[in-house]
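Chain residues, written in single-letter form:
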Amino acid sequence: MEAIVGSFLLVALGEMGDKTQLLAFSLASRYRKPWGVLLGILVATLVNHALAASVGGLVSQLVPPRLLAAILAALFIGFGLWTLKPDTLDEDTRPSRFGPFVTTTVLFFLAEMGDKTQLATVVLAARYQSVGLVTVGTTLGMMAANVPAVFLGDKLAAKVQMKWIRWSAASIFFIFGALSIGAAVRGG
């Protein structure tokens, strides 16, 4: 259960203000078909995060525990710092000929490549050594961050200070980093 909850929290908070959340705002306003956009986000996230978690699971089997804990600590702290920097979205204004589901699936999958949530999924799977539970947690976190973006985007953006959300998300990454430092010092 810790793998699902930890993965969920890191991604749900880490995704606030991220470029994929901005992409969700954009696609929802462009297509005005929220269910097609949400289904595209779900499919892209499941595939992307399952692949990322698989890599993390493999890494956890190949890297000695103490070294893995030290690497994870550095990565979590790095993700925390990365979270503090607001993302932007370079929007393409041309209409898509593929509709909301296909367009969202492709754009979200590509936007997540090398994104902090994808890399965090690798790290979380290595930490928890559970591809399935981490994929479930990170996917639920991605959906928790993007469902409001799709349905309430403009209203939420006006009321929520992204600075505080970014700092909250960064704090969670820093806590995971500190826990990993403790594991590295203890020997894995």
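Residues numbered from 1 in each chain as written. Predicted model: local features only at pLDDT ≥ 70, side-chain atom pairs only at ≥ 80, totals over all residues. Heavy atoms only, no water.

Caption draft 1: Summary view of the overall build of the protein. If you tally the helices and strands in the protein, you get eight helices and zero strands. Burial analysis of the protein (188 residues in total) assigns 46% to the buried set. (Helix = DSSP H or I, 4+ residues; strand = E, 2+ residues; numbered from the N terminus. Buried < 20%, exposed > 50% of the residue type's maximum accessible area, 1.4 Å probe, protein only.)

Caption draft 2: Geometry of helix α2 (residues 19-31). Compared with the 18 Å implied by 1.5 Å per residue over 13 residues, the 18 Å span of α2 between its first and last C-alpha is a close match. Restricting attention to buried positions, one finds in α2 the residues Thr20, Gln21, Leu23, Ala24, Ser26, Leu27, Ala28 and Tyr31. Just downstream of α2 lies Arg32, where phi reads positive at about 55°. (Expected span 1.5 Å × (residues − 1).)

Caption draft 3: Spotlight on the nonpolar core. Counting residues in each nonpolar core, the largest one holds 17 residues, and the members touching the most others are Leu10, Phe76, Leu124, Val134 and Phe176. Mapped onto this core, the elements with two or more residues apiece are α1 (2-14), α4 (65-83), α6 (116-128) and α8 (162-186). If you tally residues by element for this core, the top one is α6, at six residues. In this structure, Val11, Leu23, Leu27 and Ala44 belong to the second largest nonpolar core, which totals 16 residues. (Core = buried A, V, L, I, M, F, W, Y, C linked by side-chain atoms within 4.5 Å.)

Caption draft 4: The packing of aromatic side chains, seen in detail. What the rule picks out here adds up to two aromatic pairs. Seen from their ring centres, Phe76 and Phe176 are 5.3 Å apart, and the 50° between their planes marks the pair as tilted. In this pair, Phe76 is assigned in helix α4 and Phe176 in helix α8, connecting sequence segments 100 residues apart. (Phe/Tyr/Trp six-rings, centres within 6.5 Å; stacked < 30°, edge-to-face > 60°.)

Caption draft 5: A look at the confidence of the model for the protein. Residue-level pLDDT values for the protein average 84, and 87% of them are 70 or greater. When mean pLDDT is compared element by element in the protein, helix α3 (residues 34-62) scores highest at 95, while α8 scores lowest at 80. (pLDDT = per-residue confidence, 0-100.)

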